[in-house]
Amino acid sequence: MSTIIKHKEFPKFKSWTMDLCGRPLTIEVGKVAELASASAMVKYGDTTVMVAVTVSPRPRDGIDFFPLSVEFEEKLYAVGRIPGSFMRREGRPSLPAVLASRLIDRPMRPLFPYDFRNDVCIQCTVMSVDYDCSPEVAAMIGASACVSYSEIPFAGPIGCLEVGYCDGEIVLNPNQEQRKTSRMDVTVAATAEKVVMIEAGADEIPDEIMYAGIVKAHEEIKKQVAFINQIVAEIGKPKMEYDHAQFNQELFDKIVADFMDEAKAAMDTDDKNVRETRWNAMIDHWHEKYLEEYPDMDQYLEEFTYKFQKKIVKAWLLEGHRVDGRAKNEIRPLAAEVGVLPRVHGSGLFTRGQTQVLSVCTLNTLAACQKLDTIWEEEEKRYMHHYNFPPYSVGEARAPRSTNRREYGHGALAERALVPVLPSVDEFPYAIRVVSEVLSSNGSTSQGSICGSTLALMDAGVPIKAPVAGISCGLIQDDDGSFQTFIDIQGVEDFHGEMDFKVAGTKAGITAIQMDLKNDGLTHEIIKEALEITKDARYAILDEVMLPCISAPRSEVSKYAPKMLTMKIDPDKIREVIGKGGSVIQKITADTGAKVDIDDDGSVFIDQTEQPIEFPCLDGWMPPAFIDTVRGMAVGETRQVHVGANEAYEERTEERVMEVERAKIPADVKLVVGELVNLEQPDGQTFPARLVELDDELAVFDMNDEAIAKALNFEITLLDVYDLPDR
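Residues numbered from 1 in each chain as written. Predicted model: local features only at pLDDT ≥ 70, side-chain atom pairs only at ≥ 80, totals over all residues. Heavy atoms only, no water.

Regarding the packing of aromatic side chains
The tally for this structure, following the rule as stated, stands at 19 aromatic pairs. When the centroid spacing of 5.9 Å and the interplanar angle of 25° are considered together, the rings of phenylalanine 72 and tryptophan 376 count as stacked. Placement of phenylalanine 72 in strand β5 (residues 68-74) and of tryptophan 376 in the loop between β14 (370-371) and β15 (380-381) is noted, with a sequence separation of 304 residues between them. Relative to phenylalanine 495, the ring of tyrosine 306 has its centre 5.1 Å away and its plane inclined at 80°; by these criteria the two rings are edge-to-face. Highlighted residues: tyrosine 306 in helix α7 (residues 301-318) and phenylalanine 495 in helix α10 (residues 491-496), separated in sequence by 189 residues. Ring-pair connections join several aromatic residues into one group, and the members of that group are Phe247, Phe252, Phe259, Trp279, Trp286, Tyr290, Tyr300, Phe304 and Phe308. (Phe/Tyr/Trp six-rings, centres within 6.5 Å; stacked < 30°, edge-to-face > 60°. Helix = DSSP H or I, 4+ residues; strand = E, 2+ residues; numbered from the N terminus.)

Written as structure tokens, this is what we have:
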């Protein structure tokens, strides 16, 4: 019996194409991942991302949040590489992949229904990469398209663009060459009406240029939204009916009516601990009054608290009243301190109200740069910023766990804010790591990390171009569209507000932005006002708190930090310096204790952490100029020496004469008593000496003559160091 074979057909296959910033964007559906709720193969240039979206048929029990999971999965075959791990396969997501997942999650999450509790998973698998076409942009557009045409309720679609600034011009979706010279790297996501996400890194870009780039991107994004709506019109599925999260509206209305005054009194304080104590006491009063009538009320307490507090906070903010009594342009009390920890290379403590961050800077050789194995072009990272958010910082009694996505994201934001002001490798040949330890959190710890890390870098002697400060801006909107922005949001304002607009920068311009929302987006007017008030706040923080604490980077690195020496060699000689199997460089390291790094361009970086080499045996019999030159030299280093006559030289040297057998002096050397004679050493070098006595057997030379001292010019190379007895 012969095998029966049928050719698979794809009757639901469809393809749509649009021009996206001069390159084709194609979305194909109906051929891959047909068991998913929705799927698409997204092609942008030669970048290909497969997007699959799934939704559970029933809500997850016992949760009070929307269980959305977004995974940006990088495959190294996409760039023609085999993973460098021992298993030679992809493992945990890299930091850029985690950040890309957050980039897709943040603009989409607020557009799902608030009471939706069904699990939704969005998986974006990068299958090929064209460096001219961003895989993050392709993934976000694909995720938006899939969720929009699926049965999942969603208030989209959204579109996405990257924004650059090259040669004084705003560039949308810059290509590989343009990104190398671009002064800003901004990702904007938006619906047709509003901007829903901004993530930016910039080289001190003025606020006006940043705003213009965001507005220009939004106009172009509207074309993407129309493109996705065309797809939805052709293949969109009916939106599913879902079980709405339970909520006892009747009991909530009673609590609001009976406890409004007590709730306002509980909220009206600048101390987070006092507020929580008062609120928990009020919950006990709720139990006393309603538990008998509503025995299941405890399952709604979290939701009651959130809605009740938001009702109060929103009303107060719209009236211009803040929970802690501040004006809308008032920052909480600030404090800054450097040199907090002994022996570390640099430390800075920054406090804003009840938010406190301790940043610690560590310097190391360039060999400590982080090696990267990702689909992106960057292969190593010289500056590393890590952010830790322990449970005690918010008063929680639980053990710490591994680093979560929020901690990765906040660390990356601080890193992005500070990279533009770091010195080049030529100026400062160190790998740099800063760790921000959140000691207390009541809102805006990421911006506290930026301020504290600036202090730590300056304390460590890192010659940054300019100090960086960060601040956040909040938002509350009324039903009629009116809004109120306010600076330096604390925890309760962040939790119940609608925006956390974080901006970091120097006095010259913006270095980083991150915008998180809880509403359906921002108008251009709100964005412009947020940029204006954060600019004023940055200036005030720098002038009144940070610069009075430390006005400039320290002139030298800590005595506990590595001491770096740089030099250049012929790139053709690198192999000789390294030696067969690294034998030469290993011997140098073993003999001297120094660490040596060599770049392909011939740059040599030497770390000699030990104290400078001293030569006590030279004192008293070598000229001071020579001794001063040799002290502190590294093995292999060459310096010029000029030993000039001076009082110190004359005082420290005794009368010295040298007797030379007449027979050893070449016959062609003219010997005249009182004149200088150039004598040849065994190595072929010559040195001057004044002939003071002469007979048939001996020539006597004075080695302590002023003219000799003036003539003694050497080029010396330190070959090795030995323990010598004092003379």
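With respect to the sheet that holds strand β2 (residues 23-29)
One open sheet holds the six strands; their spatial order is β1-β2-β3-β4-β6-β5, and the pairing between them is mixed. Every other strand in the sheet has two partners, leaving β1 (14-20) and β5 as the edge strands with one partner each. Between one strand axis and the next, the sheet turns by 15° as a mean value, whatever way the strands run. Bridging between β5 and strand β6 (residues 118-128) involves seven bridges; their strand directions are parallel. Across the sheet, residue glutamate 73 finds its bridge partner in β6, namely threonine 125. (Pairing = 2+ DSSP bridges. Axes fitted to C-alpha atoms, helices over the stretch in contact; angles between N-to-C directions.)

Some thoughts on the confidence of the model for the protein
Looking at the protein as a whole, its pLDDT mean stands at 87, while 89% of the residues score no less than 70. Within the model, the stretch residues 611-623 combines pLDDT values under 50 with 28 contacts to residues more than four positions away or in other chains. Contacts of residues 643-654 to residues separated by more than four positions or lying in other chains number 24 contacts, the stretch itself having pLDDT below 50. (pLDDT = per-residue confidence, 0-100. Contact = heavy atoms within 4.5 Å.)

Observations concerning the packing of helix α2 (residues 135-149) against helix α4 (residues 207-235)
The interhelical angle for the contact between α2 and α4, taken along N-to-C directions, is 35°, at an axis separation of 9 Å. The handedness of the crossing between α2 and α4 comes out as right-handed. Residues Ile141, Ser144, Ala145, Ser148 and Tyr149 of α2 touch α4, and the partners they reach there are Gln224, Ile228, Val232 and Ile235. Partitioning the contact of α2 with α4 into residue classes produces six nonpolar, three polar and no charged. (Left-handed = near helix turned anticlockwise from the far one by under 90°. Nonpolar A, V, L, I, M, F, W, Y, C, P; charged D, E, K, R; others polar.)

Some points on the side chain of aspartate 500
Summarising the element assignment, aspartate 500 is placed in strand β20 (residues 499-505). Judged by relative accessible area, aspartate 500 falls into the buried class, the value being 8%. There is a polar contact of 3.3 Å between the side chain of aspartate 500 and the side chain of lysine 502. What aspartate 500 contacts, discounting residues up to four positions off in sequence, is Ser472, Cys473, Ile489, Asp494, Gln514, Met515 and Asp516. (Buried < 20%, exposed > 50% of the residue type's maximum accessible area, 1.4 Å probe, protein only. Polar contact = N/O pair within 3.5 Å; in protein donor to acceptor, adjacent residues only side chain to side chain.)

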